[in-house]
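Here's the letter readout for the chains.
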Amino acid sequence: MTMLFVVIIGCLSLFNLMLTLALARKFNTHGSAHGSPTAFGNVTMGVSVPDNRIPDGAPMPEFRAQTASESTVTRADLVGAPAVVGFFSGTCGPCLEQAPDFVKAVTGYPGGRERVLAVVKGSGPVVAELRTLLEPVARVSVEASGADSESTAEAFGIVRWPSYVSVSADGRITNHLVPGELVIPTAA
């Protein structure tokens, strides 16, 4: 009787191990039910991060971003031709990991860095590293965490870090999970 019990427990343990490995492979390959890829940190143990608050197709909100060169970027600066806005945080591991992919995606963007805005939240060495990496291809706005005035990230309804937004010529936005999804128009 004891031997039968040991065999049953052994079979159940083996089944549990195989099921766990199959689920881990599924999440590593396909992401969550919302399509959030685990490789980029948007899913932790099968729990998906909520979508940004402004849905795809909505008009770009009014905002004011102060860049490192002391210029100001507003909604009016990004309407009229396609543009891209990337949101990064100094406390977000995937932000630093995906920043080089963002740089590759927007290198050669029609209109150059005038059509690309990178918003970096926080302070410290990681923020400085992000700024150095992003400045050749984008106008960079560094915004302090918990600032008194409304931040650009809050205006865009960003709750998922990093986030990427394509802006159409008519000012409509499309949210993206990874830099490779950005819509890069071809130069006419």
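Definitions and cut-offs
- Along each chain, residue indices are assigned from 1 in the same order as the chain's sequence is written.
- Reporting in this predicted model follows two pLDDT cut-offs: at least 70 for local features of residues, and 80 or more for side-chain atom pairs to be given and counted; totals over whole chains, interfaces and linings ignore these cut-offs and use all residues.
- Water and hydrogen atoms were dropped before computing side-chain values, which therefore reflect all heavy atoms in the structure.
- Here a salt bridge means any side-chain nitrogen of Lys or Arg lying within 4 Å of a carboxyl oxygen belonging to Asp or Glu.
- Each residue is assigned to one of three classes by its accessible area relative to the maximum for its type, calculated with a 1.4 Å probe on protein chains only: buried under 20%, partly exposed between the two thresholds, exposed over 50%.
- In DSSP terms, a helix is any run of H or I states spanning at least four residues, a strand is any run of E spanning at least two, and both are numbered starting from the N terminus.
- Working definition: the arc comes from the directions between the helix axis and the C-beta atoms, pointing outward to the latter.
- Two residues qualify as a contact provided that any one of their heavy atoms is within 4.5 Å of a heavy atom in the partner residue.
- Whenever two N or O atoms come within 3.5 Å, that pair is a polar contact, provided that in protein one can donate a hydrogen and the other can accept it, and provided that, for residues adjacent in sequence, both atoms are side-chain atoms.
- Every helix has an expected span of 1.5 Å times one less than the residues it contains.
- Fitting axes to the seven residues that end at a residue and to the seven that start at it, the angle between those axes gives the bend at that residue.
- Grouping buried Ala, Val, Leu, Ile, Met, Phe, Trp, Tyr and Cys residues that are joined through side-chain atoms within 4.5 Å yields what is termed a nonpolar core.

## As for the pattern of salt bridges
Under the counting rule described, the total for this entry stands at three salt bridges. Here Glu135 ties to Arg131 by a salt bridge, and the two come within 2.9 Å at their closest N and O atoms. Residue Glu135 is classed as partly exposed on the basis of its relative accessible area, which comes to 27%.

## With respect to helix α4 (residues 125-134)
What α4 keeps buried is the set Val127, Leu130 and Leu134. One side of α4 carries all its buried residues, which in axial view fall inside an arc of 60°. Within α4, the exposed residues directed more than 90 degrees away from the buried face are Pro125 and Thr132. Buried residues belonging to α4 abut β5 (83-89), α3 (93-106), β6 (116-121) and β7 (139-143).

## Topic: the environment of Asp170
Position of Asp170 relative to the elements: it lies in the loop between β8 (163-167) and β9 (173-176). According to the relative accessible area criterion, Asp170 is exposed, its value standing at 54%. Within the structure, the side chain of Asp170 is placed 2.3 Å from the side chain of Ser168, a separation counted as a polar contact. There is a polar contact of 3.5 Å between the side chain of Asp170 and the backbone nitrogen of Arg172.

## Looking at α3
Under the 1.5 Å per step criterion, the end-to-end length of α3 is 21 Å for 14 residues, consistent within 8% with the ideal 20 Å. The sharpest bend along α3 reaches about 35° and sits at Ala99, with the proline Pro100 one to four residues further on. Residues Pro94, Cys95, Gln98, Ala99, Phe102, Val103, Ala105 and Val106 constitute the buried set of α3. Among the structural elements, β5, β6, α4 and β8 are those in contact with the buried residues of α3.

## Quick notes on the nonpolar core
Counting residues in hydrophobic clusters, the biggest one holds 21 residues, and the most contacted among them are Phe88, Phe102, Val106, Val120, Leu134 and Leu182. Secondary structure elements with two or more residues in this core: β5, α3, β6 and α4. Among the elements that make up this core, the one with the highest residue count is α3 (six residues). Leave out the neighbours within four places in its chain, and Val120 touches Phe88, Val127, Leu130, Leu134, Val140, Ser141, Val142 and Glu143. The next biggest cluster of nonpolar side chains, apart from the first, holds 19 residues, and it includes Ile54, Leu117, Ala155 and Ile158.

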